Amino acid sequence: MTPAIRSVLVCGASGFLGRRIVRALREAGLSVTEGSSRTQDFQRDLDPKTWEPRVAGFDAVVNAVGILRDTGARQLEPIHHQAPAALFEACARAGVARVVQVSANGVDCGDTRYATTKRAADEVLLRLRAEGRLDGLVLRPSIVFGRGGASTALFMALARMPLLILPRAAVQARVQPVAVPDVALAVLRLLQDGGPDIVTAVGPRALTLADYLGELRRQRGHGPATVIPLPDLPSRWSARLGDLVSAQPWSSEALSLLEQENVGDAQAFARVLGRAPIPVEQFMEAAWASV
């Protein structure tokens, strides 16, 4: 039986999800230590021995570190796979009772570098769980909505436009966006209560990307937009142009992620939360206003 969780190290505490997770844990009375790029280097800290003194004495660790794509200074393989693998092994050696890995929905079947590197770290943690060395749990959110998120910034910018030219495959694929407060609450619940090895964090309703943008437009007080599907070849050209500008979220990785179905079991997620997830119709009130 896992002891009560009181002290938690949150890696990636200064990021979009990390900040909300830290707040949720502290509001619940947990003692939280914030790990950030100032104290932890996921690009270079790839040895469990580096992590052992950092995790020693904590009841639990949350890994909320993530990037969308490779840049000159930050690479997916060490940040998503090698450093987390070292972190998880160090937690097992140091006797950390529970670890929550914030991954992403769809990485189990995706073939992008984002998906394969995230999946590799998930598999390391799940293997440690299967071996009984620690209680490892993987949280896989769908598209997360909230102020400060890279994907949210992209969708909010698109939602301002009365004419939308979107990749045809992305227009047709379904998404099941989840509000950032629900992701933070899920981490809290998993730390406190444990749960299944993999939890998919999704909102109550699946809808196409075009319908999602339409709902965001409605909440901003705008009427429906005209949507023009962009053929595959021009879509890929635009994504490759986005690859050249690392400061914005549009890229080949983003296109690949949007082209695949991103849905899950909302009832199973509700059981983890202890309530229904926030519906997309309330995102602006519940998640955009939450900073």
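Residues numbered from 1 in each chain as written. Predicted model: local features only at pLDDT ≥ 70, side-chain atom pairs only at ≥ 80, totals over all residues. Heavy atoms only, no water.

**So, a nonpolar patch on the surface**
Item 1. On the surface, Leu163, Ile165 and Ile228 cluster together into a nonpolar patch covering about 260 Å² of accessible area.
Item 2. The topology assignment puts isoleucine 228 in strand β12 (residues 226–230). (Patch = residues over 30% accessible without salt bridge, like charges linked within 9 Å, V, L, I, M, F, W, Y side chains within 5 Å. Areas by Shrake-Rupley, 256 points an atom, 1.4 Å probe, with all protein chains shown as cover. Salt bridge = Lys/Arg side-chain N within 4 Å of Asp/Glu carboxyl O. Helix = DSSP H or I, 4+ residues; strand = E, 2+ residues; numbered from the N terminus.)

**Quick look at the packing of aromatic side chains**
Item 1. This model, assessed by the stated rule, comprises three aromatic pairs.
Item 2. Taking 5.4 Å as the distance between ring centres and 70 degrees as the angle between the ring planes, the aromatic pair formed by phenylalanine 155 and tyrosine 212 counts as edge-to-face. One end of the pair, phenylalanine 155, is in helix α5 (residues 150–159); the other, tyrosine 212, is in helix α8 (residues 209–219), with 57 residues separating them in the sequence. Per residue, the accessibility class of phenylalanine 155 equals that of tyrosine 212, and both read buried. (Phe/Tyr/Trp six-rings, centres within 6.5 Å; stacked < 30°, edge-to-face > 60°. Buried < 20%, exposed > 50% of the residue type's maximum accessible area, 1.4 Å probe, protein only.)

**Things to note about the nonpolar core**
Item 1. Membership of the largest hydrophobic core comes to 60 residues, with the highest contact counts inside it found for Val8, Val10, Ile21, Leu25, Val62 and Tyr212.
Item 2. Element by element, the count of residues in this core is highest for helix α7 (residues 180–193), at nine residues.
Item 3. The residues contacting valine 62, other than those within four sequence positions of it, are Val8, Leu9, Val10, Cys11, Ile21, Val100, Val102, Val187 and Leu191.
Item 4. By size, the runner-up hydrophobic cluster in this structure holds 32 residues, among which are Leu9, Trp51, Val65 and Val96. (Core = buried A, V, L, I, M, F, W, Y, C linked by side-chain atoms within 4.5 Å. Contact = heavy atoms within 4.5 Å.)

**What to know about the packing of α7 against helix α11 (residues 266–273)**
Item 1. Their axes nearest at 8 Å, the elements α7 and α11 cross at an angle of 60 degrees. Between α7 and α11, the interaxial angle falls into the category oblique. Counted together, Asp182, Leu185, Ala186, Arg189 and Leu190 of α7 and Phe269, Val272 and Leu273 of α11 form the full contact between these two elements.
Item 2. Taken together, the residues of the contact of α7 with α11 break down into six nonpolar, no polar and two charged. (Axes fitted to C-alpha atoms, helices over the stretch in contact; angles between N-to-C directions. Parallel < 35°, antiparallel > 145°, perpendicular 65-115°, else oblique. Nonpolar A, V, L, I, M, F, W, Y, C, P; charged D, E, K, R; others polar.)

**Looking at the sheet that holds strand β1 (residues 7–11)**
Item 1. Within the open sheet, the six strands sit side by side as β2-β1-β3-β4-β5-β10. Their pairing is parallel. In this open sheet, the two strands that pair with only one neighbour each are β2 (31–35) and β10 (198–201). Direction aside, neighbouring strands of the sheet carry axes that sit 20 degrees apart on average.
Item 2. One ladder, built from four bridges, connects strand β5 (residues 135–141) with β10; its direction is parallel. By the bridge assignment, proline 141 is partnered in β10 with alanine 201.
Item 3. Across the face of the sheet, helix α4 (residues 113–130) comes into contact with β4 (98–102), β5 and β10 while running at roughly 150 degrees to β5. (Pairing = 2+ DSSP bridges.)

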